[in-house]
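Below, each chain spelled out in residue letters.
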Amino acid sequence: MLLMICLRVLWKLFLGSRDKSSIEARNRALHQMVSNLTDGGKVRIDSRFLDVGSGSGELSKCFTPNFAEVVLLDLSRGALRKAKSLMPSSCCVCADAHFLPFRDDTFSRLHVFSLIEHLGQPEKFLREALRILKEEGVLIAQIPNPNFLIELHTGIILPSFIPCTIKNRIVKRAFPGVYVNWSLTGSALLHQLSKLFAKVKLYKYSYPEEAVSRIVRPLFRIAKRLKILNKFPMGYIIIAWNT
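Quick look at the structure, then. Fair warning: this is a prediction, and the values are worked out from it, not measured in the lab.

**Topic: helix α4 (residues 77-86)**
Turn by turn, an α-helix covers 3.6 residues, leaving residues three or four places apart pointing in a common direction. Taken residue by residue, α4 has Ala79, Leu80 and Ala83 as its buried positions. The arc that holds the buried residues of α4, viewed along the axis, is 95°, so those residues lie on one side. In α4, the exposed positions that point more than 90 degrees away from the buried face belong to Arg77, Arg81, Lys82 and Ser85. Buried residues along α4 sit in contact with β2 (69-74) and β3 (91-94).

**What about the packing of helix α5 (residues 122-132) against helix α7 (residues 186-194)?**
What describes two packed helices is the angle between their axes and the distance between those same axes. At a minimum axis distance of 10 Å, the contact between α5 and α7 shows a crossing angle of 45°. Here α5 lies oblique to α7, going by the angle between them. For the pair α5 and α7, the sense of crossing is right-handed. Judged by residue contacts, Pro122, Glu123 and Leu126 of α5 engage Leu189, Gln192 and Leu193 from α7. Partitioning the contact of α5 with α7 into residue classes produces 4 nonpolar, 1 polar and 1 charged.

What counts and what doesn't
- Numbering of residues starts from 1 in every chain and runs along the sequence as written.
- Residue-level local features of this predicted model are given only where pLDDT is at least 70; pairs of side-chain atoms are given and counted only at 80 or more, and the full residue set underlies all totals for whole chains, interfaces and linings.
- Working from all heavy atoms in the structure, the side-chain values ignore hydrogens and water.
- Relative accessibility decides the category of a residue: with a 1.4 Å probe and only protein chains considered, values under 20% of the type maximum give buried, values over 50% give exposed, and everything between is partly exposed.
- For helices the rule is a DSSP run of H or I covering at least 4 residues; for strands it is a run of E covering at least 2, with both sets numbered from the N terminus onward.
- Each direction from the helix axis to a C-beta atom contributes to the arc, which is the arc of those directions.
- Throughout, a residue-residue contact means that at least one pair of heavy atoms, one from each residue, lies within 4.5 Å.
- Every angle, taken between N-to-C directions, lies between 0 and 180 degrees, and every axis is a line fitted to C-alpha atoms, over only the stretch in contact when it is a helix.
- Working rule for angles: under 35 degrees goes down as roughly parallel, over 145 as roughly antiparallel, 65 to 115 as roughly perpendicular, anything else as oblique.
- In this scheme the handedness of a crossing depends on how the near helix is turned from the far one: anticlockwise by less than a right angle means left-handed, clockwise means right-handed.
- Classification convention: Asp, Glu, Lys, Arg as charged; Ala, Val, Leu, Ile, Met, Phe, Trp, Tyr, Cys, Pro as nonpolar; all other residues, Gly among them, as polar.

Below, the structure is given as structure tokens:
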């Protein structure tokens, strides 16, 4: 019980206390990073966009203005209702990412941000993603770094020094219903994608200071000044081309 309370307090202090402005800054930063890596985000006028694990759509909305059709997929009906109110012209689908309910060669762009690390069978999802992408389609994935100084889902400090069995017990007790695939590092996901896609590239990233909760910003500045974030990035963006 004490452990559960301590972890929830840490999560609230370090990760759960971001206000609306910091969340918007995080979304803008991700949008800018992806745009810089994909020729300014240029897309064909007839392109179809799918965001898997879209949640309530705030991040999705940053990417969608240039697409002819936008589809948002999530397991949460409540989140999809919010997404639909935010983007009325989008098509919202409640489904499991392991079984994407779309025909082959349907989408030109597929985004999956902060989701793959929660999937029990990430390889199955990646095969599904490849199946529904058009020729010359692009998959853009973002995952947090499981070896970052603070585990970004739970607030566990220095997670790379804690065995996975212990981390699983901690998460099970403190965050019931949460699943984290600790082995899904950037290099592991890169390897999985390289077996399926013709061209794959991995990029490190860390959020700007304004995207971090205010209470953590002094520590963030120190880590940045000491160049710790160069060695321990907050996460990875991986782009895979179906060419």
